[in-house]
Amino acid sequence: MTPPSYYVALSAVLFAIGVLGVLIRRDPLIIFMSIELMLNAANLALVAFGRAHGGAEGQALALFVMAVAAAEVAVGLAIIVSIFQLRRRLSVDELSVMRG
Amino acid sequence: MEIPGFVLLAVLVVGSALGVILLRNPIHSALFLTINLAGVAALYLMLKAQFLALIQVIVYAGAIAVLFVFAIMVLIPGKEETGPDPLHAQRWLAVPLVGVLLLEVLLIFRSGAFQPAPPAGAAMGVEPLYRLLLTDFLFPFEVTSVLLLAALVGVMALTRKKAS
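Residues numbered from 1 in each chain as written. Chains lettered and ligands numbered in written order. Predicted model: local features only at pLDDT ≥ 70, side-chain atom pairs only at ≥ 80, totals over all residues.

### Section: the overall build of chain B
Here comes step 1: Looking only at helices and strands, chain B has six helices and zero strands in total.
Here comes step 2: Sequence-ordered secondary structure for chain B, helices as α and strands as β, is α-α-α-α-α-α.
Here comes step 3: The 164 residues of chain B split such that 21% are buried.
Here comes step 4: Long-range pairs, those at least 24 residues apart, make up 53% of the contacts in chain B with a sequence separation of at least 6. (Helix = DSSP H or I, 4+ residues; strand = E, 2+ residues; numbered from the N terminus. Buried ≥ 20, exposed ≤ 12 C-beta atoms within 10 Å, placed from the backbone. Contact = placed C-beta atoms within 7 Å.)

This is how it looks when you write it as structure tokens:
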């Protein structure tokens, strides 16, 4: 059996890649995908910890994270589409004011 | 024995994650994101979390990937990143900063704060999970349904045409 620490290290690498994506990209859609990468990395760590612990609590937490991520993607994409309809441009550096 | 499979999946997952953040075309990023999510589902299977692997494929690799592709098709973005970059110097600063972050996280994991105990029971199938969800985690479970309903209503309110 692969030691759970391997999975945790892999999830750390995935999380770092997600952070890098948020920092270096300007397209809000790609930033959003990077956030999904980070949520997935957290889920992988939760499941690996749960496996090391021997219970199902880690899996239950990961399930809740997935539900929250699904809701977040739906609302976030709706906001991005609304911003695009309002401005016809899509770059996070220009979205520095809250009012339309 | 499982280690070659794990290494293969790890390479696939990390490579597709790099593809997500490095490719210019958002549709390619969405495809690599789908590969990444499916790879993580396979990792869940290796961790004996069968139910989560199924949900990962259905919710993430199915629904969320379709949502992303749909949004990309509606927006057709990707033109903005070719313009002049006002924050060019700061963007290159991100790479060493993320390196430091990764180093920190790995150091914490190696420092002994995470000492895996040997798995107590081998019963890691679906049954302990749903037993837990419907007993100890019943309240969060129900709150999740309220959250999904709120997201549904919120999306409808955000995207409907304004009555003028």
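### Section: the interface of chain B and chain A
One frequent convention defines the size of an interface as the accessible area lost when the parts assemble.
Here comes step 1: Facing 70 residues of chain B, the contacting portion of chain A comprises 63 residues.
Here comes step 2: Tallied by class, the residues present in the side of chain B that touches chain A amount to 58 nonpolar, seven polar and five charged. (Nonpolar A, V, L, I, M, F, W, Y, C, P; charged D, E, K, R; others polar.)

### Things to note about the packing of helix α1 (residues 4–24) of chain A against helix α4 (residues 88–110) of chain B
Helix-helix packing is described using two parameters, namely the angle between the two axes and the distance between the axes.
Here comes step 1: Put simply, α1 of chain A and α4 of chain B touch, their axes get as near as 9 Å, and they point 160° apart. By the criterion of interaxial angle, the relationship of α1 of chain A to α4 of chain B is roughly antiparallel. Our pair here, α1 of chain A against α4 of chain B, has a crossing hand that is right-handed. Contacts from Ser-5, Val-8, Ala-9, Ala-12, Val-13, Ala-16, Val-19, Leu-20, Leu-23 and Ile-24 of chain A in α1 of chain A reach Arg-91, Ala-94, Val-95, Val-98, Leu-101, Leu-102, Val-105, Leu-106 and Phe-109 of chain B in α4 of chain B.
Here comes step 2: Class assignment for the residues of the contact of α1 of chain A with α4 of chain B results in 17 nonpolar, one polar and one charged. (Axes fitted to C-alpha atoms, helices over the stretch in contact; angles between N-to-C directions. Parallel < 35°, antiparallel > 145°, perpendicular 65-115°, else oblique. Left-handed = near helix turned anticlockwise from the far one by under 90°.)

### Considerations on the nonpolar core
Here comes step 1: Among the nonpolar cores identified, the biggest contains 63 residues, and Leu-14, Met-33, Leu-44, Val-47 and Ala-48 of chain A together with Tyr-44 of chain B are the most heavily contacted of them.
Here comes step 2: Secondary-structure elements contributing two or more residues to this core are α1, α2 (28–53) and α3 (57–87) of chain A together with α1 (3–22), α2 (26–46) and α3 (50–75) of chain B. (Core = buried A, V, L, I, M, F, W, Y, C linked by C-beta atoms within 7 Å.)

### Points about the packing of α1 of chain A against α1 of chain B
Here comes step 1: At a closest axis distance of 9 Å, the pairing of α1 of chain A and α1 of chain B adopts a crossing angle of 10°. Taken together, the axes of α1 of chain A and α1 of chain B are roughly parallel relative to one another. Contacts between α1 of chain A and α1 of chain B involve Tyr-6, Leu-10, Val-13, Leu-14, Ile-17, Leu-20 and Gly-21 of chain A from the former and Phe-6, Ala-10, Val-13, Val-14, Ala-17, Leu-18, Val-20 and Ile-21 of chain B from the latter.
Here comes step 2: Residue classes in the contact of α1 of chain A with α1 of chain B are distributed as 14 nonpolar, one polar and no charged.

### Things to note about unusual backbone geometry
Residue and element names in this part refer to chain B.
Here comes step 1: Residue Lys-48 is not a glycine yet carries a positive backbone phi of 65°.
Here comes step 2: Along the chain, Lys-48 falls in the loop between α2 and α3.
Here comes step 3: C-beta crowding within 10 Å serves as the criterion here: with 18 such atoms nearby, Lys-48 is assigned to the partly exposed category.

### Brief notes about the environment of Gly-5 of chain B
Residues and elements named next belong to chain B.
Here comes step 1: Relative to the helices and strands, Gly-5 resides in helix α1.
Here comes step 2: Residue classification places Gly-5 among the partly exposed positions, given that 13 C-beta atoms sit within 10 Å.
Here comes step 3: Remark: the alpha-carbon pair of Gly-5 and Leu-43, spanning 38 residues in sequence, is separated by 9.4 Å.

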